Amino acid sequence: MKKFSKGAVAKDRGQWKAVISYQENGTRHRLTKRTGIRCYPSETDMRGKQNAERVLHQWRDELIAEDAKSSPIITSDAPLLEFCKRYAEAKMFLVKDATYLGYMCEIRRLETTPLATMPIGEITPEIIRMHESSLAQRGLAGSTLKHHHSFLASVFKEAVVNRKIPYSPIASIRSPKARARPINSLTEEGRDEVLSLLQKRIPDDFSTAVFIALATGMRRGEICALRWTDIDFRSKMISVNYSYSKDMRGGYVMTSPKDPGGSDSKRTIPIGNNLIVVLTLRSKAMRDARNMLGLPWKPTLYVVGNPMTEKPYSPDMISRDWRAFVQSNAIYGSQAVHPVFHDLRHTFATLAIRSKAIDVKALAGILGHKDASMTLNVYADGLEDSKRSGMDSLDAAFGRIPLLEQTNTDGSVVVS
């Protein structure tokens, strides 16, 4: 079957035009259709766009239906591997490149198992349990098993929707648990050491990126995609609108920021005076560099990008530079190993919880988590100190209880 993109609408000679691309036999094609809906020359005048998008969606549905009629029908006798490949192909233009690459990884993993060639209609819950047990015996990590389980569950669910099988054999099986790795955040002393070492480098791109991570908890890809237009110095706010993620060619593509569950995590983050100072110095350094070459200032420049080439700081390069930095300065995290760049995000969150400066719900919003439960699950250890101090404060609120005022010399309570 052809793999149709979501499509888009664009202004063209006074009308909205619908554009859809599709891939067939490795070749990409482009289709266009005039919607008959009037548009206006101004770039900001979007009148008629919603109606044009309705025409686009209807047209896309018609193309998919027409293609389905001419495509071979998969029956329940077809092997599971064929269903998995069709599922991935159908999702190619509907998910992020990194997600599609994950699908292909799960398909390659499935190809090495007997389950791949088994007809989907003959697969039972017991067969699924044996399959997952076999993968576990290979020594695959819990998180890997969980991703594989989720992928198969999606494929079986799609087969049920398309009436290829009566029920999903994996629905009654609990997903394998991913063993959470201990968070390797910096201690307060470690954070202060990092900031002290970076003082001499501010406002270069690396030190600015590290400071942003420590002060906001932003992800690596979000920092690389940050532009000056996303920073409001007057209200002291950063708008996280984009992120860089891996594409199918191994490079990076700009996308909307997502949390680990796949939910959109666009958000605004209040920033403090220290970060304002660092960003101001960074802005001045970039302006001065462009002025020396007679280049005008562009507010769309990347905050931690190259001011001359106007290219962003690569996420891979940030990780490489950070790795060299912690190794050369013998910096270790709470787990006695060198922290990775993402551990700066953990450091921000852990210190925020322990300081009780931000409540968990507000912290979840800053980190871009879907809800506070995700934050609680990830940073449960950091809450132990807060729980202890909170209980001590609550105990003090009771005041002195007369019944318990007498104590023995060894500190034990005398109850009268």
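Provided above is the structure to which this section pertains.
What this report covers is the structure whose coordinates are included nearby. What you see is a predicted model; the values in this text were computed from it and never measured.

### Side note on the overall build of the protein
Argument step 1. Broken down by element type, the protein carries 14 helices and nine strands.
Argument step 2. Burial analysis of the protein (416 residues in total) assigns 37% to the buried set.
Argument step 3. Long-range contacts, defined here as pairs at least 24 residues apart, represent 58% of the contacts in the protein between residues at least 6 apart.
Argument step 4. Within the structure as shown, the protein displays about 24,000 Å² of accessible surface, and the carbon and sulfur contribution to it stands at 52%.

### Describing the environment of Pro307
Argument step 1. Relative to the helices and strands, Pro307 resides in the loop between α9 (273-292) and α10 (315-328).
Argument step 2. Separated by 102 residues in the primary sequence, Pro307 and Asp205 place their C-alpha atoms 10.0 Å from one another.
Argument step 3. The contact partners of Pro307, leaving out residues within four places of it in the chain, are Met286, Ala289, Arg290 and Leu301.

### Here we look at a nonpolar patch on the surface
Argument step 1. A cluster of nonpolar side chains, namely Met292, Leu293 and Met308, defines an oily patch on the protein surface of about 350 Å² accessible area.
Argument step 2. Assignment of secondary structure puts Met308 in the loop between α9 and α10.
Argument step 3. Since its relative accessible area comes to 32%, Met308 is described here as partly exposed.

### Section: unusual backbone geometry
It is generally the case that most residues other than glycine have a negative phi and that most peptide bonds are trans.
Argument step 1. Cis geometry marks the peptide bond from Ile202 to Pro203, where omega comes out at 15°.
Argument step 2. Tracing the backbone through its elements, the reader meets Pro203 in the loop between α6 (188-198) and α7 (205-216).

### Side note on the packing of aromatic side chains
Argument step 1. All told, the structure shown has eleven aromatic pairs when counted by the stated rule.
Argument step 2. Through pairs of rings, three or more aromatic residues link up here, namely Phe206, Trp322, Phe325 and Phe341.
Argument step 3. For Arg47, the ring lying beneath its charged end belongs to Tyr40, and the centroid distance is 3.9 Å.

### Focus: empty space enclosed by the protein
Argument step 1. Evaluation of the coordinates by the stated rule reveals one cavity of 30 Å³ or more.
Argument step 2. Put simply, the parts of the chain that give the lining of the largest cavity at least two residues each are α6 and α7.

### What to know about the nonpolar core
Argument step 1. Counting 48 residues, the largest nonpolar core has Val194, Val210, Trp322 and Phe341 as its most contacted members.
Argument step 2. Of all elements in the fold, only α6, α7, α8 (220-224), β6 (237-240), α9, α10, α11 (343-355) and α12 (360-367) reach the threshold of two or more residues within this core.
Argument step 3. Of all the elements, α7 adds the most residues to this core, at seven residues.
Argument step 4. Residues contacting Trp322, with those up to four places away along its chain left out, are Val194, Phe206, Val210, Pro339, Val340, Phe341 and Leu344.
Argument step 5. Membership of the second largest hydrophobic core comes to 26 residues, among which are Ala116, Ile123, Ile128 and Val155.

Reading the values: rules and limits
- Residues numbered from 1 in each chain as written.
- Predicted model: local features only at pLDDT ≥ 70, side-chain atom pairs only at ≥ 80, totals over all residues.
- Heavy atoms only, no water.
- Helix = DSSP H or I, 4+ residues; strand = E, 2+ residues; numbered from the N terminus.
- Buried < 20%, exposed > 50% of the residue type's maximum accessible area, 1.4 Å probe, protein only.
- Contact = heavy atoms within 4.5 Å.
- Areas by Shrake-Rupley, 256 points an atom, 1.4 Å probe, with all protein chains shown as cover.
- Patch = residues over 30% accessible without salt bridge, like charges linked within 9 Å, V, L, I, M, F, W, Y side chains within 5 Å.
- Salt bridge = Lys/Arg side-chain N within 4 Å of Asp/Glu carboxyl O.
- Phe/Tyr/Trp six-rings, centres within 6.5 Å; stacked < 30°, edge-to-face > 60°.
- Lys NZ or Arg CZ within 6 Å of the ring centre and 35° of its normal.
- 1 Å grid on protein atoms, 1.4 Å probe; cavity = no way out; pocket = protein on both sides within 12 Å on 5 of 7 lines; lining within 4 Å.
- Points joined across faces, edges and corners; volume = space filled by probe spheres on them.
- Core = buried A, V, L, I, M, F, W, Y, C linked by side-chain atoms within 4.5 Å.

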